[in-house]
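Observations on the three-dimensional arrangement
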Amino acid sequence: MRTKRTARTAPARPVLTTALALTSASALLLAAPGPAGADPAPVTRETAESPALDHRNAATSPQSAARRALTDPGPGRPGDTERTHDARGYPREQTLAPDPENPADKSLKLGLTPYHAIASRLNALQALGDRVSVEVAGRSAGGHRLYLVTVTAPETPARTRAQHRMRDLIERAPATAAGDPRLKKAYKTPVFFNSNIHGNEWEGTDAALRLVERLATAKDDKTRDLLAHSRLYFNVTANPDGRIAGTRANANGFDLNRDFVTASQPETRAMRQILLDKQPVVMLDLHGYVNGTLIEPTTPPHGENYEYDLFLKNTYANALGMEAAVNGLGYTAEKDGVQPAQIPFRDQDEGWDDWPPIFTPQYAAFHGAVAAHTVEIPLRVNNASYDTLPAAELRRRAAVNTDVAQAAMTATLDHVRRHREALVADQIEVFRRGAAGAPQVPVSPATVPGVPGIGPEDVYTTTFPRAYVLPPGGPATARLVGHLLANDIRVARVAHPAPGYPKGAYVVDMRQPKRGLAAALLADGRDISDKVSVMYDISGWSLGRLWGAPVRPVTGGALPHAALRPVRAAAPVAHVAPRGDLRLRLDDAREIAALNGLLRRGVPVRRSADGAAAIVPGSARRQAAEAARTYDVSFDRTTDRGTAPLRHVRVAAAVTPGELFALREMGFEVTPVSTAVLNAGFDWSGTDVLFVSAGLDRDALNEPARRALDAFLDGHGFVGRGAAGAQLNAGAGLLAVKAVQGNGDANGVVRVVNSGPLTRGAPAHGFVYAPLWFTDLGPGVRAEQAYAAGNPLLSGHWRPAADGTGGPADAAGRASVVSGPGAVLFGTEPLFRAHPKGEFPQVGRALLTTSRTQVEESG
């Protein structure tokens, strides 16, 4: 345990607990609140997308919302590195059509602005003068408009074009920008405020609206100076679906503040585009609820791919100003239940880290934000507090929280006004280091003067490779290249071969401004189990290992620049052999989706002899060509006649939101179920296979529901994942195995050995979150996959539990995926938050091969 940085008594993040312990602890806190009913402790890490997070069945997102998220690329075009260049001047006023009044909006109980009132409020703010502009930045998964408000002094179109040129110069030619005196004088500092990314953390929206109103009308010299030299951007509500429903997640059940590496949701893609287009030097992400107000920077471990010395210097300096402003409001623990603000870097040991770039401020750092903060306002008004506290108390708390959020934003603006030149200079330096391939600067009292308590525990750096090479490949490579480009990472393609660089390969030159993001996405990551005892969320996420596309780091030597051509999109993969029967590999989610599309249309398809592909008759070449274009997949010629027919599969799923989304991404017809749904009476006649990972407890079923479930499982398919799936398997007596639960706090990228037809061709790595493994395999049970020998953890955080069990050594060599007649069990997380794309086909194959029709065929 590290030493406290100051003598101040501050609550350190508690050690991670299991889902049951979290639920129990939360209930105790709510039953015995502090002086004003406030939650005095920091939030602990969430469990593996537990359905209890929003106190509802996790798999209830509507198909329309999933369809929108899957088909709408959001603002900007995937694979297009050109950012938006709107040459109109400011203001850019427009009249927003009002939304219909919704008396069920959860904001109303708190005395806050309901979503349906925001459009009218923004219309009124635009009418106050010439400083406020409103744009629609996209739409949520539920179809609601996302509003981006810009506040700045008026600009002519010519000045706006000049701002675009300076912004681009900062990123694309940072060494030139550093010496440009005109840029230093004329560039308007971009600042970004993100509110309400968690839908039931409401008050940032109201604070933003109030601050915009003040800025729109203020006549003082400081405001004039601020707006003359800055552009202020407000994402008024990043999650309108959750704001209306009173849920943390959006309409698809996704926590948007965990989605920035994957960008599966339209709201996340909209925020990403704002960061690309506006390139803020400072950003705030407004959350709740931690008492006292929590203000980043964070505890270790710190993301190793950031220019952390620049980030820490500026983030800590701005945090001090916000702390003073929040404490200066005069709220006290005795009178109001409000504790003094806290800065985790200074006041806590561990447990609130900035390691993964899944959080908005950490992701923003890769796009040039040198001061970026999560701000957790103090007084809880959501979840059980929303349901149990009197409305008057909730409104009092919400008013306090709004004051705190506005104070934090106002202090940030004052910091920007006083230090804008230094902030812009440090943003330029971030990009300059990347473009020049310069080494990182480790933090120390000498390199970051003025920040107290810096020690060796804060030093996290990496050695960037010279480049990454993605060999020419199928849909997985195309997807990954498109994702890199959408993240503003520069990618080139080999036009003619050179040693180590085959023709058609993609190359990510790491001498580029956003090298940190490229490394964060493509690198293996690091095993940090010995660095800290506690982590806030995931600790490993490598796209290079989990997305199914081979990625090779190049550690040295010169790149074949003459052979490289920049690309703006991945080359199409779509291909259909002109003659013969066709083989569709099933190694990628798009290939599974293409197969499901053919099956829905009644195309006769058979399983290949090796189980790794689908065989499509040459007579269905026209349908195959349509599928190839739609899903960008390849159908190759084959002489394999195939084995058992594959059928259209209807899935009943008790799963997490990320898993439901991934199933729909693969084109499965899915009906969400749960304990409650089955107890109410469920018609199994429209189901071929059951998939269970969360929200379905066989022991909690009433007798008719249990009999109906057991009758279905007698002859139908079952796929289980994690503890919930293993428990149902044991209760129903399906596969004779013993499931062993590892440390519930463990997560990361693991090495695996694939040995069965379900995993043939799968990546040699998987993802775990509360890992599970299987022993005592009975007759007819096959190990499809096992954790690698030795230490299977490649990157992440996995320690033994307090009693010494459940660590990676216990899992080594044990089965991670098992199968038997009509059933498959996963101890890994192949669909986690719709992220590990290369793992999806394992589940897809399991569903296709365990369904009733397949059981009958093989029977």
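Report follows, based on the coordinates. (Residues numbered from 1 in each chain as written. Predicted model: local features only at pLDDT ≥ 70, side-chain atom pairs only at ≥ 80, totals over all residues. Heavy atoms only, no water.)

Examining the overall build of the protein
- Helix and strand content of the protein: 28 helices and 32 strands.
- Looking at the protein as a whole, 61% of its 859 residues qualify as buried.
- Here the analysis covers contacts within the protein between residues at least 6 apart in sequence; of these, 80% occur between residues at least 24 apart.
- Summed over its atoms, the accessible surface of the protein is roughly 29,400 Å², and 55% of this surface lies on carbon and sulfur atoms. (Helix = DSSP H or I, 4+ residues; strand = E, 2+ residues; numbered from the N terminus. Buried < 20%, exposed > 50% of the residue type's maximum accessible area, 1.4 Å probe, protein only. Contact = heavy atoms within 4.5 Å. Areas by Shrake-Rupley, 256 points an atom, 1.4 Å probe, with all protein chains shown as cover.)

Quick look at the pairing of strand E24 (residues 717-721)
- Of all 5 residues that make up E24, 5 are buried, and the element is covered over most of its length.
- Taking every second residue as pointing to the same face, both faces of E24 are buried, with Gly-717, Val-719 and Arg-721 on one and Phe-718 and Gly-720 on the other.
- Running through helix H24 (residues 703-713), the crossover from strand E23 (residues 689-692) to the neighbouring parallel element E24 is right-handed.
- As paired strands, E24 and strand E32 (residues 823-826) are joined by 4 bridges and run parallel to one another. Looking at E32, one finds that Gly-720 is bridged to Leu-825. (Right-handed = clockwise from strand over helix to strand, strands pointing away. Pairing = 2+ DSSP bridges.)

Here we look at the nonpolar core
- Among the nonpolar cores identified, the biggest contains 142 residues, and Leu-122 and Phe-234 are the most heavily contacted of them.
- If you tally residues by element for this core, the top one is helix H16 (residues 391-436), at 16 residues.
- Leaving out residues up to four positions away in the same chain, Phe-234 has contacts with Tyr-147, Leu-148, Val-149, Val-151, Phe-193, Ala-208, Leu-211, Val-212, Leu-215 and Met-409.
- Core analysis: the second largest hydrophobic core is formed by 49 residues, Ala-577, Val-649, Met-666 and Phe-668 among them. (Core = buried A, V, L, I, M, F, W, Y, C linked by side-chain atoms within 4.5 Å.)

A word on the pairing of strand E18 (residues 613-616)
- Covered by surrounding structure in E18 are Ala-613 and Ile-615 together with Ala-614 and Val-616, the residues of both alternating faces.
- Relative to E18, strand E16 (residues 581-585) is paired through 4 bridges, and the arrangement is antiparallel. Looking at E18, one finds that Arg-585 is bridged to Ala-613.
- Direction of pairing for strand E17 (residues 605-607) relative to E18: antiparallel, over a ladder of 2 bridges. Bridging from a neighbouring strand, Arg-607 pairs with Ala-614 of E18.
- Count of turn residues in the E17/E18 antiparallel hairpin: 5 residues, of which Gly-611 carries a positive phi of about 75°.

Brief notes about the environment of Gly-597
- Of note, Gly-597 is situated in helix H20 (residues 589-600).
- For the pair formed by Gly-597 and Arg-490, sequence separation is 107 residues and the distance between their alpha carbons is 33 Å.

With respect to the sheet that holds strand E3 (residues 189-195)
- An order of E1-E2-E4-E3-E5-E9-E6 is seen for the 7 strands of this open sheet, with the pairing classed as mixed. Single-partner strands in this sheet number two, and they are strand E1 (132-139) and strand E6 (294-295).
- Strand contacts of helix H8 (residues 221-228): strand E2 (145-151) and strand E4 (230-235), with the helix running at about 85° to E4, the strand carrying the most contacts.
- Sheet strands touched by helix H11 (residues 308-327): strand E5 (282-288), E6 and strand E9 (371-377). Its angle to E9, the strand with the most contacts, is close to 35°. (Axes fitted to C-alpha atoms, helices over the stretch in contact; angles between N-to-C directions.)

Quick word on a positive patch on the surface
- On the surface, Arg-159, Arg-161, Arg-165 and Arg-182 cluster together into a positively charged patch.
- With 3 residues, helix H4 (residues 157-172) is the single largest residue contributor to the positive patch.
- Its place among the elements puts Arg-161 in helix H4. (Patch = residues over 30% accessible without salt bridge, like charges linked within 9 Å, V, L, I, M, F, W, Y side chains within 5 Å. Salt bridge = Lys/Arg side-chain N within 4 Å of Asp/Glu carboxyl O. Lys, Arg positive; Asp, Glu negative; His and termini not counted. Charge placed at Lys NZ, Arg CZ, Asp CG, Glu CD.)

With respect to unusual backbone geometry
- With an omega of 5°, the peptide bond between Gly-288 and Tyr-289 qualifies as cis.
- Mapped onto the elements of the fold, Tyr-289 is located in the loop between E5 and E6.
- Of note, the phi angle at Ala-263 is positive, near 55°, even though the residue is not glycine.
- Among the structural elements, Ala-263 can be located in the loop between helix H9 (240-245) and helix H10 (266-278).

With respect to helix H22 (residues 657-665)
- By the criterion of burial, H22 is predominantly enclosed, with 9 of the 9 residues buried.
- For H22, the full list of buried residues reads Pro-657, Gly-658, Glu-659, Leu-660, Phe-661, Ala-662, Leu-663, Arg-664 and Glu-665.
- Directly beyond the C-terminal end of H22, a positive phi value near 85° is found at Gly-667.

What about the pattern of salt bridges?
- One pass over the full model with this rule turns up 50 salt bridges.
- Arg-243 is paired through a salt bridge with Asp-206; the nearest N and O atoms lie 2.8 Å apart. One end of the pair, Arg-243, is in helix H9; the other, Asp-206, is in helix H7 (residues 203-217), and 37 residues separate them in sequence. Both residues of the pair, Arg-243 and Asp-206, belong to the buried class.
- Of the charged contacts, one joins Arg-466 and Asp-509 as a salt bridge, the two residues approaching to 2.5 Å between their closest N and O atoms. Residue Arg-466 is located in the loop between H16 and strand E10 (467-470), and its partner Asp-509 is located in strand E12 (residues 506-509); the two are separated by 43 residues in the primary sequence. Comparing Arg-466 with Asp-509, the two get one shared label, buried.
- Bridged by salt links that share partners, the residues Glu-201, Arg-248, Asp-255, Arg-258, Asp-537 and Arg-833 form one connected network.

A short note on the side chain of Asn-291
- Secondary-structure assignment places Asn-291 in the loop between E5 and E6.
- Looking at Asn-291, its side chain comes within polar contact range of the main-chain oxygen of Gly-337, at 2.6 Å.
- A polar side-chain atom of Asn-291 sits 2.8 Å from the main-chain amide nitrogen of Gln-339. (Polar contact = N/O pair within 3.5 Å; in protein donor to acceptor, adjacent residues only side chain to side chain.)

Considerations on the packing of aromatic side chains
- Applying the stated criterion across every chain yields a total of 19 aromatic pairs.
- Considering the side-chain rings of Trp-202 and Tyr-386, the 5.7 Å spacing of their centres and the 25° angle between planes classify their relative orientation as stacked. Note that Trp-202 is positioned in the loop between E3 and H7 and Tyr-386 in helix H15 (residues 383-388), a separation of 184 residues in sequence.
- Taking relative accessible area as the criterion, Trp-202 reaches 1% and is therefore assigned buried.
- Pairing Phe-254 with Phe-661 gives two aromatic rings, centres 5.3 Å apart and planes at 75°, and the pair type is edge-to-face. In this pair, Phe-254 sits in the loop between H9 and H10 while Phe-661 sits in helix H22, placing the two residues 407 residues apart along the sequence. Just as Phe-254 is buried, Phe-661 falls in that class too. (Phe/Tyr/Trp six-rings, centres within 6.5 Å; stacked < 30°, edge-to-face > 60°.)

Regarding the sheet that holds strand E20 (residues 645-646)
- Pairing within the open sheet is mixed, and its 6 strands lie in the order E15-E19-E16-E18-E17-E20. Of all strands in the sheet, those with a lone pairing partner are strand E15 (575-576) and E20, marking the two edges.
- Docked against the sheet, H20 engages E16, E17, E18, strand E19 (634-638) and E20, running at close to 135° with respect to E16.

Notes on the packing of H20 against helix H27 (residues 840-850)
- Between H20 and H27, whose axes approach to 8 Å, the crossing angle comes to 30°. One way to sum up the angle between H20 and H27 is to call them roughly parallel. For the pair H20 and H27, contact is made by Ala-589, Ile-592, Leu-595, Asn-596 and Leu-599 and by Phe-840, Pro-841, Gly-844, Arg-845 and Leu-848, respectively.
- Partitioning the contact of H20 with H27 into residue classes produces 7 nonpolar, 2 polar and 1 charged. (Parallel < 35°, antiparallel > 145°, perpendicular 65-115°, else oblique. Nonpolar A, V, L, I, M, F, W, Y, C, P; charged D, E, K, R; others polar.)

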